[in-house]
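Each chain, letter by letter, is given below.
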Amino acid sequence: MAAASISVDLAALGAAAKAAAKRLAFTSTEVKNRALEGIAQGLLQHENAILKANAQDYAASKAEGLSEAMLDRLLLNHQRLEGMARDVLSVAALPDPVGEFIEMRTMPNGMQVGRVRVPLGVIGAIFESRPNVTVDIAALCLKSGNAAILRGGKQALHSNAALVQVVQDACRSAGLPEGTVQFVANPDRALVGQMLRMKDTIDLLVPRGGADLIRYV
């Protein structure tokens, strides 16, 4: 993929996420939880499609000589999808952090002063080939009222695409704005550098992976 087209693609993802973040900041707990519950249901309803995509990634990675430990991290099955669904429901059950007042204190003149939790905006996440992380990050971002741009490892490309489709469908059904969860569907490493330069769009970028990835970011 040419550098110019990479920039255009990421710019479009970023613009959609930024627009969604403005609405997400004021989205009710009920709507966010409805989306999370939809994700949990969708993971099991679309199990066949997800596992088929995962089998494609697994076979390709095994042929490339990926270690047994890494193959195990990549593998999805019914039990792991059930676990992912439970984790999403656990996030839904958490108190909504948005609007929570913390560190309140009373000044000598009687005025109360404190801090209030608000969404960050757009969170970019760069992570390696564990498909469950895709859903984990999406769920945490949704609960906290943030839009997300997800860039996973190339070994889990098809798995992540199937999982993000479930997430996006659930968000749409719950009435969340388009662009709430975006997926970088091209594994080109140049995209990581592009994301690191998107300071006007991405408010926080989180690397989740090995020491080399963290140092690079």
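Everything in this summary refers to the structure shown in the same document. Everything numeric here is computed off the predicted structure, so don't read it as measured data.

With that settled, consider the overall build of the protein. Within the protein, the secondary structure is distributed over 9 helices and 6 strands. For the protein, the C-alpha radius of gyration of 18 Å lies close to 17 Å, the compact-globule estimate for 217 residues. Principal-axis analysis of the C-alpha atoms places the extent of the protein at approximately 70 × 40 × 30 Å. Considering the protein as a whole, with its 217 residues, one finds that 44% of them fall into the buried category. Intrachain contacts of the protein at a sequence separation of at least 6 include 76% that bridge at least 24 residues. For the protein, the exposed surface amounts to about 11300 Å²; the carbon and sulfur share of it is 55%. Seen as two clouds, the 23 positive and the 21 negative side-chain charges of the protein have centres 4 Å apart.

Taken together, the side chains of Phe-101, Met-104, Val-116 and Val-118 make up a nonpolar region of the molecular surface, amounting to roughly 400 Å² of accessible area. Structurally, the position occupied by Phe-101 is in strand E1 (residues 101-106). Using a relative accessible area of 58% as the deciding quantity, one classes Phe-101 as exposed.

Moving on, we get to the side chain of Lys-32. With respect to the helices and strands, Lys-32 occurs in helix H2 (residues 29-45). A polar contact is formed between the side chain of Lys-32 and the side chain of Asp-96, at a distance of 2.9 Å. In this structure, Lys-32 is in contact with Thr-27, Asp-96, Val-98, Leu-142, Lys-143, Ser-144 and Gly-145, ignoring residues within four places of it in sequence.

By the bridge criterion, 4 bridges tie E1 to strand E2 (residues 112-116) in an arrangement that is antiparallel. Looking at the pairing, Arg-105 lines up with Val-113 of E2. Here E1 folds back onto E2 in antiparallel fashion, the turn holding 5 residues, of which Gly-110 has a positive phi close to 95 degrees.

Our focus in this paragraph is the environment of Ala-138. As for its placement among the helices and strands, Ala-138 is situated in helix H6 (residues 131-143). Since its relative accessible area comes to 0%, Ala-138 is described here as buried. Ala-138 sits 28 residues away from Val-166 along the chain, and the two C-alpha atoms are 11 Å apart. Leaving out residues up to four positions away in the same chain, Ala-138 has contacts with Leu-150, Val-167 and Val-181.

Here we take up helix H5 (residues 78-93). Between its terminal C-alpha atoms H5 stretches 23 Å, which fits the 22 Å expected from 16 residues at 1.5 Å a residue. For H5, the complete set of buried residues consists of Leu-81, Gly-83, Met-84, Ala-85, Val-88, Val-91 and Ala-92. Against H2, helix H3 (47-63), H6 and helix H7 (157-174) lie the buried residues of H5. Where H5 begins, the capping side chain belongs to Asn-77, and its oxygen is found 3.2 Å from the backbone nitrogen of Gln-79.

So, how was this worked out
- Residues numbered from 1 in each chain as written.
- Predicted model: local features only at pLDDT ≥ 70, side-chain atom pairs only at ≥ 80, totals over all residues.
- Heavy atoms only, no water.
- Helix = DSSP H or I, 4+ residues; strand = E, 2+ residues; numbered from the N terminus.
- Rg over C-alpha atoms; globule rule 2.2 N^0.38 Å.
- Buried < 20%, exposed > 50% of the residue type's maximum accessible area, 1.4 Å probe, protein only.
- Contact = heavy atoms within 4.5 Å.
- Areas by Shrake-Rupley, 256 points an atom, 1.4 Å probe, with all protein chains shown as cover.
- Lys, Arg positive; Asp, Glu negative; His and termini not counted.
- Charge placed at Lys NZ, Arg CZ, Asp CG, Glu CD.
- Patch = residues over 30% accessible without salt bridge, like charges linked within 9 Å, V, L, I, M, F, W, Y side chains within 5 Å.
- Salt bridge = Lys/Arg side-chain N within 4 Å of Asp/Glu carboxyl O.
- Polar contact = N/O pair within 3.5 Å; in protein donor to acceptor, adjacent residues only side chain to side chain.
- Pairing = 2+ DSSP bridges.
- Expected span 1.5 Å × (residues − 1).

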